[in-house]
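Below, each chain spelled out in residue letters.
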Amino acid sequence: MDILNGAGGAPAADLIKDGSEATFMADVVETSQEVPVIVDFWAPWCGPCKTLGPMLEDAVTAAKGAVKMVKINVDEAQMIAGQLQIQSIPTVYAFFKGQPVDGFQGALPGSEIKAFVDRVIAAAGGESPGGQLDEAVEAAEEMLTSGAAVDAAQTFAAILGEDPNHAAAYGGLVRAHIALDDLDQAEAILNGAPAEISDTPELEAAHAQLELAKQAADAGPVAELSAAVEAEPDNHQARFDLALALHANGNVEEAVAQLLELFRRDREWNDGAAKTQLFTIFDALKPNDPVVLNGRRKLSSMIFA
């Protein structure tokens, strides 16, 4: 499956070049009439430039011709640096139609550099490969929501074939296997995640969902556990087991309520198991989910009471 159909790659030499004051008009102003051009102002003595430059080059190369890049050594191009009022380096400007349209100063992490490149391409009316992959992720998520887990897994896998470090696709592939009740495969995929994305929110959410799915396999009957809690409100293990069973049956809000009640009664029980379980549930949901927002607020009020 070719997610990036129609996005023909251009040789790196055509995408990234060293510029100078003599070539600035041709390399930047004229070229940007057709395609956005990112200009990296650097100097050999600039430490952060040595990190930022290669990361920018990788992002530009990954865009496969939707944007170009020119590297300008400010020590050899002081007139241009003065005209653009460059006060410190690294400084990065993006040009389109001969005019600066975006920019930043200082070093940025890789995710923000990719976002900058995607933003520049979008501002010029183009579509980056990253944008196309994000659209494919949305389509796969819709498949997963509608119950087509096999199709979703195949789509997520195809996206990873284009970008092995796409955290949203990686997390989606794990969740698709959870939906297929193939927990061993889901865990194997999660354990094989590239180190660069292992701590991303998408993979942390997938890990939390996998833990909850494992718990669900051993969950007890809700009715019996509920009766046990009613008969003996301070039976903390029964209340904890009831929360697991409620979550396994899809009653997430009530599961959170039981865990909050357990935390209120004895926050230190079983090495703080109630709080740990609450965070696992919160991590598995979207950060703006009402269950998460309300649950975190109530937990915080108890902690700081």
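Please read all numbers here as calculations on a predicted model, not as lab measurements. (Residues numbered from 1 in each chain as written. Predicted model: local features only at pLDDT ≥ 70, side-chain atom pairs only at ≥ 80, totals over all residues. Heavy atoms only, no water.)

## As for the overall build of the protein chain
Quick reminder of the rule: A run of H or I in DSSP becomes a helix once it reaches four residues, and a run of E becomes a strand once it reaches two; helices and strands are each numbered from the N terminus. Using C-alpha atoms as the atom set, the radius of gyration is obtained and then compared with a globule rule of 2.2 Å times the number of residues to the power 0.38. Residue exposure (1.4 Å probe, protein chains only): buried if accessible area is under 20% of the type maximum, exposed if over 50%, otherwise partly exposed. Throughout, a contact is declared for two residues whenever any of their heavy atoms are within 4.5 Å. The accessible surface values rely on the Shrake-Rupley method and a 1.4 Å probe; as for residues, cover is taken only from the protein chains in view. The charged-residue count follows a simple rule in which Lys and Arg add positive charge and Asp and Glu add negative charge, with His and chain termini not counted at all. Working definition for charges: the position is that of NZ of Lys, CZ of Arg, CG of Asp or CD of Glu.
Counting its secondary structure elements, the protein chain contains 15 helices and five strands. Its C-alpha radius of gyration of 26 Å places the protein chain more than 25% over the 19 Å reference for a compact globule of 305 residues. By principal-axis analysis of the C-alpha atoms, the protein chain measures approximately 85 × 45 × 30 Å. In the protein chain, which comprises 305 residues, the share counted as buried stands at 43%. Residue pairs in contact within the protein chain that sit at least 24 positions apart in sequence constitute 63% of those at least 6 positions apart. Accessible surface, the protein chain as shown: approximately 15500 Å² in total, 50% of it carbon and sulfur. On the protein chain, the mean spot of the 19 positive side-chain charges and the mean spot of the 47 negative ones are 6 Å from each other.

## Description of the sheet that holds strand β1 (residues 16-19)
Let me state the cut-off plainly: Between any two strands, pairing holds if DSSP finds at least two bridges. Angles here are taken between N-to-C directions and fall from 0 to 180 degrees, while the axes themselves are lines fitted to C-alpha atoms, restricted in helices to the stretch in contact.
Pairing is mixed in the open sheet, where five strands are placed in the order β1-β3-β2-β4-β5. Looking at strand neighbours, the two that pair on one side only are β1 and β5 (99-105), the edges of this open sheet. Here the average twist between neighbouring strands, direction ignored, is 25 degrees. Bridge analysis of strand β4 (residues 91-96) against β5 gives six bridges, and the strand direction is antiparallel. Residue T91 lies in a different strand from β5, and its bridge partner there is Q105. On top of the sheet, helix α3 (residues 47-62) reaches β1, β2 (37-42), β3 (68-73), β4 and β5; it is set at about 160 degrees to β3, its chief contact.

## Notes on unusual backbone geometry
Residue P90 is bonded to the preceding I89 through a cis peptide linkage, with omega at 0 degrees. By the element assignment, P90 lies in the loop between α4 (78-83) and β4. Unusually for a residue other than glycine, D271 sits at a positive phi of about 60 degrees. If you trace the backbone, D271 turns up in helix α14 (residues 269-284).

## Side note on the nonpolar core
Condition: The set of buried Ala, Val, Leu, Ile, Met, Phe, Trp, Tyr and Cys residues whose side-chain atoms join them within 4.5 Å is what this entry labels a nonpolar core.
Counting residues in each nonpolar core, the largest one holds 29 residues, and the members touching the most others are F156, I159, Y170, V174, I178 and L203. For this core, the secondary structure elements donating two or more residues are α6 (129-145), α7 (149-162), α8 (167-179), α9 (183-191) and α10 (201-217). A208, F240, L244 and F282 belong to the second largest nonpolar core, which has 21 residues in total.

## As for a negative patch on the surface
Let me state the cut-off plainly: Exposure above 30% relative accessible area and the absence of a salt bridge qualify a residue for a patch, where like charges join within 9 Å and nonpolar side chains (Val, Leu, Ile, Met, Phe, Trp, Tyr) within 5 Å. Criterion for a salt bridge: a side-chain nitrogen of Lys or Arg within 4 Å of a carboxyl oxygen of Asp or Glu.
A surface patch of negative charge is lined by D134, E135, E138 and E142. Here E142 shows up in helix α6. Relative accessible area serves as the criterion here: at 59%, E142 is assigned to the exposed category.

## Remarks on the state of the cysteines
Worth spelling out the cut-off: Counting rule for disulfides: a pair of cysteine sulfur atoms within 2.5 Å.
Taken as a whole, this structure holds one disulfide when the rule is applied. Sulfur-sulfur distance for the disulfide between C46 and C49 comes to 2.2 Å. Handedness here is read from the sign of the S-S torsion; for C46 and C49, about 85 degrees, the answer is right-handed. According to the relative accessible area criterion, C46 is buried, its value standing at 3%.

## Here we look at the layout of surface pockets
Rules: The method works on a 1 Å grid over the protein atoms by themselves. A cavity is a set of points holding a 1.4 Å probe that cannot get out, a pocket is an open set with protein on both sides within 12 Å along at least five of seven lines, and residues with an atom within 4 Å of a point line them. Grid points are joined across faces, edges and corners, and a volume is the space filled by probe spheres set on the points. Under the scheme applied here, ten amino acids are nonpolar (Ala, Val, Leu, Ile, Met, Phe, Trp, Tyr, Cys and Pro), four are charged (Asp, Glu, Lys and Arg), and all others, including Gly, are polar.
Of the voids in this model, the largest pocket is the one considered here, and its volume is about 1000 Å³. Together, 31 residues line the largest pocket, and R175, A205, Q209, A284 and L285 are the ones closest to its centre. Of all elements in the fold, only α6, α8, α10, α12 (236-248), α14 and α15 (290-303) reach the threshold of two or more residues within the lining of the largest pocket. Among the elements that make up the lining of the largest pocket, the one with the highest residue count is α10 (eight residues). Within the lining of the largest pocket, the residues separate by chemical class into 17 nonpolar, seven polar and seven charged.

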